[in-house]
Amino acid sequence: MANQDDQFKKVVSHAKEYGYVFQSSEIYDGLSAVYDYAQNGVELKKNIRDYWWKAMVQMHENIVGLDAAIFMHPTTWKASGHVDAFNDPLIDNKDSKKRYRADVLIEDYVGKLDAKIEKEVAKAAKRFGESFDKEQFLATNPRVVGYKEKGDAILQRMGKSLENEDLADVKLLIEELEIGCPLSGSKNWTDVKQFNLMFGTKLGASADTAMDLYLRPETAQGIFVNFLNVQKTGRMKIPFGIAQTGKAFRNEIVARQFIFRMREFEQMEMQFFVRPGTQKEWYEQWKETRLKWHLSLGMGADNYRFHDHEKLAHYADAAADIEFRFPFGFKELEGIHSRTDFDLSSHEKFSGKKLQYFDPELNERYVPYVVETSIGLDRMFLAVFSHSLQEEELENGTTRTVLKLPSVLAPTKAAILPLVKKDGLPEVARKIVEDLKWDFSVTYDEKDAVGRRYRRQDAAGTPFCITVDHETLNDDTVTIRHRDSMEQQRVKISELKEIIKEEVDVKNWLMKM
Ligand code: ATP
């Protein structure tokens, strides 16, 4: 646990030191769970957004984009169920005065059981060596089976109690499991209460005519209310999808995990409209497609897993999370939800307008079913950033800090470095920058010894360093150094563009899907 905490602290401080993420309004001591993206962070975030957009919109003939406003008519949130049901169960510790999400306290308890299972697996893998069969071990080892059964039973009971609004049982469960306040250990809890997560605001100048509004808690509803506009003007045929990225706001009860859980965050969502009855197939297909997108970034299949929901949201008939191994354990990164016709039907009811599709093949009119993929951009940022940050022991006994970002996402693709600040080397390096910057984001750096500059670029996540030296003046060659392998090659200046392109081109990465 201490190790995990240390690793996470390193992630947070590295993000600040290298211009990725700052606390919002830091000079006023910050604002809780609100963050700003700095010069490198904004590029990484944009690259992740583009990588998603290209995979979802550009590569799918039947998916189009949308950018709906954050403000929406307040009835939207009545219809969507958010006014009545977008609640989290909160619980306070009477001694430490700290507030928690009751479901998260319980899930963390189960997370500890999962960690015990992983430990047993690691121990056994060591003991049995080559002949170790993980599946069989998970299915038969009595201790592991016991942890798994206990965890499943706890989650099932919690799911049922939350579904039945039986908050007293949720508290009872916390007491029975003897869960203490994570900070103080105290088990002196209040009752569990529901808390609505939407932020309210007002539209209009005068007090009596002002209209109560909400800041959208998800981008999806902007897609639903525009469903027919897009379908008609784009002459879309079912099945088709509408994709959108944008800010969402939630007044989260507990938000102490850096950009994992923020009060203002960005979502990348796609709603896929299908024929009623086919939603199950599409749900399975999108689960698979989305996992492949993650795997294309090469961050290790072992670091992802599906978690099927026991407790379904009011709109869903099936739901799963893609979880990622964050520094604090496996947690939700993306949700795939089969939302039925709940949203469109409900908007029909509340607006009095038909939101139906005429299916020319069936010669029939119906309200489409929806399968949604919904990923938090900030969470994806944290997944990529935390996974990439590594300390490496080098052969000469020193260590280096390197941010091994998938190069397609790296903020800066190459740093151009004159070996020394004289003899015309800076001029040549500048010329290379001028040439490459039309195709890639590149940077020029001449300060400090070249070894220090390499380290600086390693820590910032730059995949290539290109060094101009005296030989360059004679034969137009430079040294190109690869961040991950630290290998250096001598190449012609005229070859640089191709070498970098081969490595960072979105196509080469997405083709791995
Ligand atoms: P959680 O259970 O972690 O609160 P959720 O199930 O409420 O998440 P969804 O409503 O399914 O999340 O939202 C889709 C995605 O949006 C999530 O998978 C996550 O990546 C992201 N997300 C949700 N809430 C936040 C938040 N407060 N900060 C950052 N990202 C978030």
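On a predicted model such as this, the values are computed, not experimentally measured, just so you know.

Parameters and conventions
- Residues numbered from 1 in each chain as written.
- Predicted model: local features only at pLDDT ≥ 70, side-chain atom pairs only at ≥ 80, totals over all residues.
- Heavy atoms only, no water.
- Patch = residues over 30% accessible without salt bridge, like charges linked within 9 Å, V, L, I, M, F, W, Y side chains within 5 Å.
- Areas by Shrake-Rupley, 256 points an atom, 1.4 Å probe, with all protein chains shown as cover.
- Salt bridge = Lys/Arg side-chain N within 4 Å of Asp/Glu carboxyl O.
- Helix = DSSP H or I, 4+ residues; strand = E, 2+ residues; numbered from the N terminus.
- Lys, Arg positive; Asp, Glu negative; His and termini not counted.
- Charge placed at Lys NZ, Arg CZ, Asp CG, Glu CD.
- Pairing = 2+ DSSP bridges.
- Axes fitted to C-alpha atoms, helices over the stretch in contact; angles between N-to-C directions.
- Contact = heavy atoms within 4.5 Å.
- Phe/Tyr/Trp six-rings, centres within 6.5 Å; stacked < 30°, edge-to-face > 60°.
- Buried < 20%, exposed > 50% of the residue type's maximum accessible area, 1.4 Å probe, protein only.
- Domains from an automatic or database assignment.
- Near = heavy atom within 4 Å.
- Polar contact = N/O pair within 3.5 Å; in protein donor to acceptor, adjacent residues only side chain to side chain.

With that settled, the discussion passes to a nonpolar patch on the surface. Together, Ile70, Phe71, Leu203 and Met211 make up an exposed nonpolar region whose accessible area comes to about 320 Å². Examined against the element boundaries, Ile70 turns out to sit in the loop between strand 3 (63–65) and helix 3 (75–79).

Residues Lys116, Lys119, Lys123, Arg127 and Lys150 make up a contiguous surface patch of positive charge. The element contributing the most residues to the positive patch is helix 5 (residues 102–128), with four residues. If you trace the backbone, Lys119 turns up in helix 5.

What follows deals with the sheet that holds strand 6 (residues 193–196). A sheet is described by the order of its strands in space; here three strands give the open sequence 5-4-6, paired in antiparallel fashion. Each edge of the sheet is formed by a strand with only one pairing partner; in this case those strands are strand 5 (99–101) and strand 6. Going from strand to strand, the sheet's axes swing by 45° on average, the running direction of each strand aside. Here strand 4 (residues 87–92) pairs with strand 6 via four bridges, running antiparallel. Its bridge partner lying in strand 6, Asn87 is registered against Asn196. The strands touched by helix 5 within the sheet are strand 4 and strand 5, with strand 5 carrying the most contacts at an inclination of about 70°.

This paragraph deals with the packing of aromatic side chains. Per the stated rule, a full pass over the model turns up 24 aromatic pairs. Measuring from ring centre to ring centre gives 6.2 Å for Trp52 and Trp53, while their planes differ by 50°; the resulting arrangement is tilted. Assessed through its relative accessible area of 0%, Trp52 is described here as buried. The partly exposed category is assigned to Trp53, whose relative accessible area is 29%. With centroids separated by 6.0 Å and ring planes inclined at 10°, the aromatic side chains of Phe227 and Phe240 adopt a geometry described as stacked. Of this pair, Phe227 sits in helix 10 (residues 227–233) while Phe240 sits in strand 9 (residues 240–249), and the two are 13 residues apart along the sequence. When its relative accessible area of 0% is taken as the criterion, Phe227 is described as buried. A residue is classified by how much of its surface remains accessible, and Phe240, at 0% relative accessible area, is buried. Linked through ring pairs, Phe8, Tyr35, Phe258, Phe260, Tyr304, Phe324, Phe326 and Phe328 together constitute an aromatic cluster.

What follows deals with the domain arrangement of the protein. Entries for the protein in the domain assignment read domain 1 (1–71 + 197–388), domain 2 (87–196) and domain 3 (412–510). The gap between the C-alpha centroids of domain 2 and domain 3 is 49 Å.

This brings us to the site of the ligand. Near the ligand lie 16 residues; those nearest to it are Glu252, Arg261, Met262, Glu332 and Leu333. With respect to the ligand, the backbone of Met262 contributes an N or O atom lying 2.8 Å from a nitrogen atom. Across the complex, the protein chains shield 87% of the 590 Å² of accessible surface that the ligand would expose by itself. Listed by contribution, the elements that provide at least two residues to the shell around the ligand are strand 10 (264–274), strand 13 (329–340) and strand 16 (369–376). Residue contributions to the shell around the ligand peak at five residues, all from strand 13.

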